[in-house]
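Below are the chains, spelled out letter by letter.
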Amino acid sequence: MNRKWLLTILIFLGLVLGIVVGHLLHDDGFRRGDPESVHTHATVLAVFDFLGFTVFMGLLKMLIIPLIATSVIVGVTSVGDFSKLGAMGARTLLYYFATMFIAVVLGLIMVTTFRPGEPMAEQAAAQVADDAGGDETSWLDALPFGGAIRALKTSFVELLADELGLPAAEESGVTDRAEGGLIGIAKNLVSQMIPQNIVAAMSAGQPLGVICFAIFFGVVATFLGQTAQPVVVFFNAAFEILMQMVHVVMWIAPVGVFALLAKTIAEIGLRVFGDAISGYMYVVLGGLAIHGLIVIPLVLWVFGKCNPFVYLHQMRQALMTALATDSSSATLPVTIECATESGVSKRSAGFVLPLGSTINMDGTALYEAVAVVFIAQAYQIHLSFTELIIVAVTATLAAMGAAGIPSAGLVTMVIVINAVNGSLAGQGAPPIPEAGIALIIGVDRLLDMFRTVVNVWGDAAGAKIIDRYDRGNAE
Ligand code: ASP
């Protein structure tokens with residue numbers, strides 16, 4: 001058995017064992033209330049947390065920024081021709097937008113057909129009673145990085161509301177709020193793309209700024225030709241070294257994947273699949289399955305002219321890593337490795353994958369659309385066709401604005417809710433309560449695992465398609 005197969009089997013075993021052990025621990029933690037077993041339970045979870053988050057995800061995250069910088073520079077400098085670079089950029093963006101929009105429409109069709117929110121009306125009413133007089137954003141505290149996300153959400157929503165002079169939901173008109181929301185999202189994206197200080201952006205781990213800097217750097221290096229050659233050679237070598245580092249880190253993946261999954265499942269349990277919320281979960285998971293197993297393979301087959309299931313198989317290590325880490329960014333080193341090993345050129349992978357891991361999020365877009373309509377159904381708020389269009393457009397943009405980190409989609413969903421509320425307010429209809437997010441937060445981590453897999457799979461498919469056109473041009 002070769003080493004690659006051995007590693008794949010070990011990661012798969014880690015994944016299955018993680019789910020089984022997590023499930024047993026969840027049951028155990030609930031059944032036995034004595035202080036000693038509670039203490040042991042907490043210690044085991046702390047060990048899993050250390051192995052999964054501190055060691056495995058830490059190592060992957062350590063590689064992200066240097067890998068983004070070098071892979072984008074290598075990608076851009078190896079294209080070598082500005083018109084080709086422009087065509088590649090335009091195709092990449094078209095692919096991102098088109099597939100995300102298809103995902104959103106698919107999610108909307110599923111959620112309006114199966115209407116999973118209706119059986120939740122009672123629970124939603126109880127939620128309103130609980131929230132009366134309370135902090136309406138308390139749902140944020142239930143998130144793994146509640147404080148940081150609160151800051152992110154505050155800055156995002158404040159950016160929309162204050163800096164752009166957006167009216168509050170209650171005061172806004174029919175269209176101005178939605179337009180403001182769209183401009184707000186675009187402005188936020190652009191401000192991330194042009195960081196005031198590139199070193200600060202790198203140390204803060206902001207990928208979008210680093211990508212834009214690297215594209216700019218690569219374009220100018222290409223323009224300078226021979227003068228810049230030593231720097232280009234340096235970045236090529238640095239990229240190869242970093243890829244070897246990814247190889248080494250992947251041998252820790254079986255333990256890391258096991259620990260991450262065991263901890264997540266121990267906290268959430270699998271019994272949620274039998275709860276009232278399960279209708280919503282099945283709609284999200286069904287939508288993700290259709291998108292991941294039918295839509296993306298079709299697009300790949302038609303435009304990438306390759307066997308999508310062979311490629312899916314070649315991406316298996318990246319997809320399993322995405323499932324365990326809940327993070328497209330943390331998975332990026334593995335995605336680049338699998339894609340280049342499957343034959344995608346370094347330049348297509350370097351160009352498409354880093355950008356894709358931060359802005360191309362098919363799974364997140366689908367999930368945001370389903371979640372917002374689900375919350376509206378639970379609160380018995382009727383959404384007209386216009387509002388569904390607002391959901392489609394803003395969910396696409398909000399997913400683009402979501403970072404490739406755990407639970408990011410849950411936070412940017414506030415943008416979609418606010419945009420829809422603007423339209424509802426114009427008709428004098430009650431708004432969708434932002435606190436309705438509390439209804440879905442308990443199962444968000446589970447869904448995040450699967451939407452991240454679809455996000456990474458969409459990026460990988462994009463790299464293959466762009467590579468095919470790039471090779472066609474080169475011939
Ligand atoms: N966790 C997702 C990702 O990293 C983003 C999200 O939907 O929360 O791709």
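Above: the structure in question.
A. Structural view of the overall build of the chain. Each helix and strand counted, the chain has 20 helices and zero strands in total. The buried share of the chain, taken over its 475 residues, is 55%. Sequence separation of at least 24 residues holds for 84% of the intrachain contacts in the chain that already meet a minimum separation of 6. When the accessible surface of the chain is totalled, it reaches about 19500 Å², and 68% of it is carbon and sulfur.

B. The site of the ligand, seen in detail. Contacts to the ligand come from 16 residues, most closely from Ser328, Thr364, Gly409, Asp448 and Arg451. Between a nitrogen atom of the ligand and a main-chain N or O atom of isoleucine 405, the distance comes to 3.0 Å. Here an oxygen atom of the ligand sits 2.8 Å away from a polar atom, N or O, in the side chain of asparagine 455. When the free accessible area of the ligand is taken as 270 Å², the share hidden by the protein chains comes to 100%. Contributing elements (two or more residues each) for the shell around the ligand: helix 18 (408-426) and helix 20 (444-474). Taken together, the residues of the shell around the ligand break down into five nonpolar, eight polar and three charged.

C. Representation of the packing of aromatic side chains. On inspection of all chains with the given rule, the structure shows seven aromatic pairs. Each ring, one from tyrosine 95 and one from tyrosine 96, has its centre 6.3 Å from the other, and the planes form 65°; the classification is edge-to-face. Neither residue differs from the other here; tyrosine 95 and tyrosine 96 are each classed as buried. Among the aromatic side chains, those forming a connected cluster through ring pairs are Phe213, Phe217, Phe234 and Phe235.

D. Expanded view of a nonpolar patch on the surface. Taken together, Ile290, Leu293, Ile294, Leu298, Trp301, Val302, Phe303 and Phe309 make up a surface patch of nonpolar side chains, about 770 Å² in accessible area. At seven residues, helix 11 (residues 278-304) tops the list of elements feeding residues into the nonpolar patch. Here leucine 298 lies in helix 11.

E. Highlighting the nonpolar core. Ranked by size, the top nonpolar core spans 136 residues in total, and within it Leu108, Tyr280, Tyr311, Met315, Leu383, Ile432 and Ile440 carry the most contacts. Sort the elements by how many residues they give to this core and helix 2 (residues 35-79) lands first, with 14 residues. The next biggest cluster of nonpolar side chains, apart from the first, holds seven residues, and it includes Leu25, Phe258, Ala259 and Ala266.

F. Representation of helix 10 (residues 253-268) in the model. Counted at 1.5 Å a residue, the expected span for helix 10 with its 16 residues is 22 Å, and the 22 Å between its end C-alpha atoms agrees. Helix 10 sits mainly inside the fold: 14 of its 16 residues count as buried. Trailing helix 10 by a residue or two, glycine 269 shows a phi angle of about 80°, which is positive.

G. Molecular detail of the environment of asparagine 418. Here asparagine 418 is to be found in helix 18. Separated by 15 residues in sequence, asparagine 418 and proline 433 place their C-alpha atoms 9.3 Å apart.

H. Region of interest: the packing of helix 14 (residues 328-341) against helix 15 (residues 346-359). Where helix 14 meets helix 15, the closest approach of the two axes is 10 Å, and the angle between their N-to-C directions is 160°. Taken as axis vectors, helix 14 and helix 15 run roughly antiparallel relative to one another. Relative to helix 15, the crossing made by helix 14 is right-handed. Of the residues in helix 15, those touching helix 14 at Ser328, Ser329, Leu332, Thr335, Ile336, Ala339 and Thr340 are Lys346, Ala349, Leu353, Pro354 and Ser357. Within the contact of helix 14 with helix 15, the residues separate by chemical class into six nonpolar, five polar and one charged.

I. Expanded view of unusual backbone geometry. A positive phi angle, close to 45°, is found at lysine 305, a residue other than glycine. Turning to its location among the elements, lysine 305 is positioned in the loop between helix 11 and helix 12 (308-314). Since its relative accessible area comes to 57%, lysine 305 is described here as exposed. Positive phi values are uncommon outside glycine, yet serine 407 reaches one of about 65°. With respect to the helices, strands and loops of the structure, serine 407 is situated in the loop between helix 17 (385-401) and helix 18.

J. Region of the structure containing the pattern of salt bridges. The full count for this structure, using the stated rule, is nine salt bridges. Salt-bridge contacts for glutamate 267 lead to lysine 263; the nearest nitrogen and oxygen are separated by 2.9 Å. With glutamate 267 and lysine 263 both in helix 10, this residue pair falls four residues apart, about one helical turn. Judged by relative accessible area, lysine 263 falls into the buried class, the value being 15%. Here arginine 347 ties to aspartate 470 by a salt bridge, and the two come within 2.7 Å at their closest N and O atoms. One end of the pair, arginine 347, is in helix 15; the other, aspartate 470, is in helix 20, and 123 residues separate them in sequence. Because the salt bridges share partners, they merge into one network encompassing Asp49, Lys263 and Glu267.

Cut-offs and rules
Residues numbered from 1 in each chain as written. Predicted model: local features only at pLDDT ≥ 70, side-chain atom pairs only at ≥ 80, totals over all residues. Heavy atoms only, no water. Helix = DSSP H or I, 4+ residues; strand = E, 2+ residues; numbered from the N terminus. Buried < 20%, exposed > 50% of the residue type's maximum accessible area, 1.4 Å probe, protein only. Contact = heavy atoms within 4.5 Å. Areas by Shrake-Rupley, 256 points an atom, 1.4 Å probe, with all protein chains shown as cover. Near = heavy atom within 4 Å. Polar contact = N/O pair within 3.5 Å; in protein donor to acceptor, adjacent residues only side chain to side chain. Nonpolar A, V, L, I, M, F, W, Y, C, P; charged D, E, K, R; others polar. Phe/Tyr/Trp six-rings, centres within 6.5 Å; stacked < 30°, edge-to-face > 60°. Patch = residues over 30% accessible without salt bridge, like charges linked within 9 Å, V, L, I, M, F, W, Y side chains within 5 Å. Salt bridge = Lys/Arg side-chain N within 4 Å of Asp/Glu carboxyl O. Core = buried A, V, L, I, M, F, W, Y, C linked by side-chain atoms within 4.5 Å. Expected span 1.5 Å × (residues − 1). Axes fitted to C-alpha atoms, helices over the stretch in contact; angles between N-to-C directions. Parallel < 35°, antiparallel > 145°, perpendicular 65-115°, else oblique. Left-handed = near helix turned anticlockwise from the far one by under 90°.

Scope: geometric values only; no functional claims are made or implied.
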